Amino acid sequence: MSLVVEKSLKAIVVKITQEFAPKSHNLIYLAEKSKIELSEKQLEFFGILMKYQLEGRYPGYSPRIPLKKEIEKYLLKTKESPEWLSLKL
């Protein structure tokens, strides 16, 4: 799901800048490049999401496994993010 958030942010960057999206997986950097306003909570969530997407890209990276309740909260927020970001297109 974090890939969908990343691709959504990149689409906004392309729309705003009229250039190719940066080759970056850093959601906070992409959010800044997209020039959309994010709350501190949204930025914090993107930081959390990035932490867990790194595990898939870099097998040696191993973040703390969250509790089931946290996972469910993160999953819900992750599903909502592309919907919210698509409104910015």
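Just so it is clear, the structure is predicted and the values come from calculations on it, not from any experiment. Positions within a chain are numbered from 1, following the residues in the order the chain's sequence is written. Side-chain atom pairs in this predicted model are given and counted only at pLDDT of 80 or more, local residue features only at pLDDT of at least 70, and totals for whole chains, interfaces and linings cover all residues. Computation of side-chain values: all heavy atoms of the structure, hydrogens and water removed.

Quick look at the nonpolar core
Item 1. In these notes, a set of buried Ala, Val, Leu, Ile, Met, Phe, Trp, Tyr and Cys residues joined through side-chain atoms within 4.5 Å is what counts as a nonpolar core. Burial classes: relative accessible area under 20% of the type maximum marks a residue as buried, over 50% as exposed, and values in between as partly exposed (1.4 Å probe, protein chains only). Among the nonpolar cores identified, the biggest contains 15 residues, and Val5, Leu9, Leu27, Ile36, Phe46 and Leu85 are the most heavily contacted of them.
Item 2. Where this core is concerned, the elements lending two or more residues are helix H1 (2–17), helix H2 (27–34), helix H3 (40–57) and helix H4 (68–86).
Item 3. Broken down by element, the residue count for this core peaks at five residues, all from H3.
Item 4. When neighbours within four sequence positions are excluded, Ile36 is seen to be in contact with Leu9, Ile12, Ala31, Trp84, Leu85 and Lys88. Helix numbering and strand numbering both begin at the N terminus, where a helix is a DSSP run of H or I of at least 4 residues and a strand a DSSP run of E of at least 2. The contact rule is simple, with two residues in contact once any of their heavy atoms fall within 4.5 Å.

Here's the deal with H2
Item 1. Taken together, the buried positions of H2 are Leu27, Leu30, Ala31 and Ser34. Taken end-on, H2 shows its buried residues confined to a sector of 100°, consistent with a single buried face.
Item 2. The N-cap residue of H2 is Asn26: its side-chain oxygen and the backbone nitrogen of Ile28 are 3.0 Å apart.
Item 3. Looking one or two places after H2, you find Lys35, whose phi comes out positive at around 65°. An arc is given here, and it is the one of the directions from the helix axis to the C-beta atoms. For the purposes of these results, a polar contact is taken to be a pair of N or O atoms within 3.5 Å, where, inside protein, one atom must be able to donate a hydrogen and its partner to accept one; residues adjacent in sequence count only when each atom of the pair is a side-chain atom.

Comments concerning the environment of Val13
Item 1. Within the secondary structure, Val13 is located in helix H1.
Item 2. You can call Val13 buried: its relative accessible area is 0%.
Item 3. When the C-alpha atoms of Val13 and Glu83 are compared, they prove to be 16 Å apart, with 70 residues separating the residues in sequence.
Item 4. Discounting chain neighbours no more than four positions away, the residues touching Val13 are Gln18, Ala21, Pro22, Leu30, Lys33 and Ser34.

Some words on the confidence of the model for the chain
Item 1. For every residue, the predictor assigns a confidence score, pLDDT, that lies between 0 and 100. Of the residues in the chain, 93% have a pLDDT of 70 or more, and the chain-wide mean is 86.
Item 2. Looking at the elements of the chain, mean pLDDT is at its lowest for H3, recorded as 82, and at its highest for H2, recorded as 93.

Examining the environment of Arg64
Item 1. Here Arg64 lies in the loop between H3 and H4.
Item 2. Setting aside residues up to four positions removed in sequence, Arg64 forms contacts with Tyr52 and Glu70.

Some remarks on unusual backbone geometry
Item 1. In this structure, Gln18 takes a positive phi of about 60° despite not being glycine.
Item 2. Along the chain, Gln18 falls in the loop between H1 and H2.

Let's talk about the packing of aromatic side chains
Think of a pair of aromatic rings as described by two things: how far the centres are apart, and how the planes are tilted against each other in angle.
Item 1. Classification of ring pairs uses Phe, Tyr and Trp, with its six-membered ring standing for Trp, and accepts pairs whose centres are within 6.5 Å; under 30 degrees between planes counts as stacked, over 60 as edge-to-face, and the remaining range as tilted. Scanning the entire structure with this criterion turns up two aromatic pairs.
Item 2. Each ring, one from Phe45 and one from Phe46, has its centre 6.4 Å from the other, and the planes form 45°; the classification is tilted.
Item 3. A ring pair is formed by Phe45 and Tyr74, whose centres lie 6.4 Å apart and whose planes are at 45°; its orientation type is tilted. Separated by 29 residues along the polypeptide, Phe45 in helix H3 and Tyr74 in helix H4 bring together distant segments of the chain. There is no split in this pair, since Phe45 and Tyr74 are both buried.
Item 4. Taken together, the ring pairs connect Phe45, Phe46 and Tyr74 into an aromatic cluster.

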